[in-house]
Amino acid sequence: MAKDKFIWCRNCNAVHHVTSCDKAPLYGYTGRELEEMPADDWRAFVKRHEGHRIEPLEAVGEKYFCQGSISDPMSVAYMEVTNGHDHLLLRQTRKSIYEPLSFELTPGRLIDQGVTVCIQDGEIKKEMRYHFNWSAEPFEDQKIDLFVQLFRDVVTGIEPEAIEVAGFSSEDDNVSFGLLQADVIELLMNKCASCFQPRELEDIRRFIDSHREPCDVLAFVMRRQLKVEQCAAST
Ligand SMILES: [Zn+2]
């Protein structure tokens, strides 16, 4: 994916996002006719800051949305940019949904706190209740809770880097889904072996096999944790 590009006027501390829409024409009514008015935001920005010190900026890494949602047009996002030698933090906001995004440089930096891995506790329990409802010997809630607890214990010991990413959340930019791999299933089954009857183990195995697809309840939820570390402008 192409990296976001910006131009920055160091005199005014104004930032312009360079996009392919820069040269898209604007439409307006002049009298009774709809008229195409050529627009060139990039050129307009440069003209406005004529004689000023203008530097290009390029995004480094991904955009981080504070509320974690890319689908919310109003959410504030941060991204690291560079002018070639310095790393700077850019803040993306929108005053209203009718206005374009605006960008400003802000003191601070993005701290990557790594990825946390969790399981879909609630969804697994719900699905297990539904699944075992149809079997001759339904699993009681207590057993379901025990299974979920064992699964959670197994996941605690897995390094996020060892998990194969199998999908991305459409609602949250920082969330991806991890595949429940065969070696993890074996670890889980070993743990279950000391807590469940052989017959129950067979049922558990069947449940796992039918719910381990990337979009299913046994997929891991991997959340990228980023933090905006604000520091005073003077430092
Ligand atoms: Zn300027």
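Residues numbered from 1 in each chain as written. Predicted model: local features only at pLDDT ≥ 70, side-chain atom pairs only at ≥ 80, totals over all residues. Heavy atoms only, no water.

K.L.:
I tried to follow the coordination of the zinc ion on my own but got confused; where do I start?
P.N.:
Ideal geometry at a metal gives 109.5 degrees between four tetrahedral donors and either 90 or 180 degrees between six octahedral ones. Within the protein, the zinc ion binds to Cys9 (SG), Cys12 (SG), His49 (ND1) and His52 (ND1); these donor distances fall in the range 2.0 to 2.2 Å. Given four donor atoms and angles of 103 to 124° at the metal, the environment of the zinc ion is assigned as tetrahedral. Within one chain, the residues serving as donors to the zinc ion are arranged as C-x2-C-x36-H-x2-H. With cysteine 9 in strand E1 (residues 5-9) and histidine 52 in the loop between helix H1 (41-48) and strand E5 (54-65), this residue pair connects regions lying 43 residues apart in the sequence. (Donors = N, O, S within 2.8 Å, 3.2 Å for Na, K, Ca; no water. Tetrahedral: all angles 85-135°; square planar, octahedral: opposite > 155°, others 65-115°. Helix = DSSP H or I, 4+ residues; strand = E, 2+ residues; numbered from the N terminus.)

K.L.:
Just to check I follow, could you spell out the pairing of strand E6 (residues 77-82) for this structure?
P.N.:
Side chains on a regular strand alternate between the two faces of the sheet. Counting buried positions along E6 yields five of six residues, so the element is predominantly enclosed. Here E6 hands over to strand E7 (residues 87-93) after four residues, with glycine 84 in that stretch at a positive phi of 110°. (Buried < 20%, exposed > 50% of the residue type's maximum accessible area, 1.4 Å probe, protein only. Pairing = 2+ DSSP bridges.)

K.L.:
How do you make sense of the sheet that holds E7 when you look at a structure like this?
P.N.:
Working definition: the strands of a sheet are paired by backbone hydrogen bonds and lie parallel or antiparallel to each other. Read from one edge to the other, the open sheet built from six strands follows the order E2-E1-E5-E6-E7-E8, with strand pairing classed as antiparallel. In this open sheet, the two edge strands, each paired with only one partner strand, are strand E2 (14-18) and strand E8 (102-106). Between one strand axis and the next, the sheet turns by 35° as a mean value, whatever way the strands run. Where H1 meets the sheet, it contacts E1, E2 and E5, and its direction lies at approximately 160° from that of E2. (Axes fitted to C-alpha atoms, helices over the stretch in contact; angles between N-to-C directions. Contact = heavy atoms within 4.5 Å.)

K.L.:
What is the right way to look at the pairing of E5 in this model?
P.N.:
Pairing between E1 and E5: five bridges, direction antiparallel. Following the sheet pairing, cysteine 9 is matched in E5 by isoleucine 54. Of the pairings in the sheet, the one linking E5 to E6 comprises five bridges and is antiparallel in character. The residue bridging valine 60 from the neighbouring strand is glutamate 80, located in E6.

K.L.:
Explain the environment of phenylalanine 168 to me, please; I cannot follow it from the model alone.
P.N.:
Inspection of the secondary structure puts phenylalanine 168 in strand E10 (residues 165-168). On a C-alpha basis, the gap between phenylalanine 168 and proline 214 in space is 9.7 Å, while along the polypeptide they are 46 residues apart. Those residues in contact with phenylalanine 168, other than ones at most four positions away along the chain, are Val175, Ser176 and Phe177.

K.L.:
When you look at unusual backbone geometry in this model, what are you seeing that I'm missing?
P.N.:
Residues other than glycine predominantly adopt negative phi, and peptide bonds predominantly adopt the trans conformation. One non-glycine residue with positive phi stands out, namely asparagine 13, at about 55°. Within the secondary structure layout, asparagine 13 lies in the loop between E1 and E2.

K.L.:
Is there a simple way to explain the nonpolar core in this structure?
P.N.:
For soluble globular proteins, nonpolar side chains are generally found buried alongside one another. By size, the foremost hydrophobic cluster in this structure holds 30 residues, and its most contacted members are Ile124, Phe147, Phe151, Ile208 and Phe220. Those elements that place two or more of their residues in this core are helix H2 (121-133), helix H3 (141-156), helix H4 (182-193), helix H5 (198-210) and strand E12 (220-229). Examining the composition of this core, we find that seven residues originate from one element, H3, more than from any other. Contacts of isoleucine 208, omitting those with residues within four sequence positions, involve Phe147, Leu180, Ile185, Leu188, Met189 and Leu218. In terms of nonpolar packing, the next biggest core, distinct from the first, is built from ten residues, Phe6, Ala59, Leu90 and Leu105 among them. (Core = buried A, V, L, I, M, F, W, Y, C linked by side-chain atoms within 4.5 Å.)

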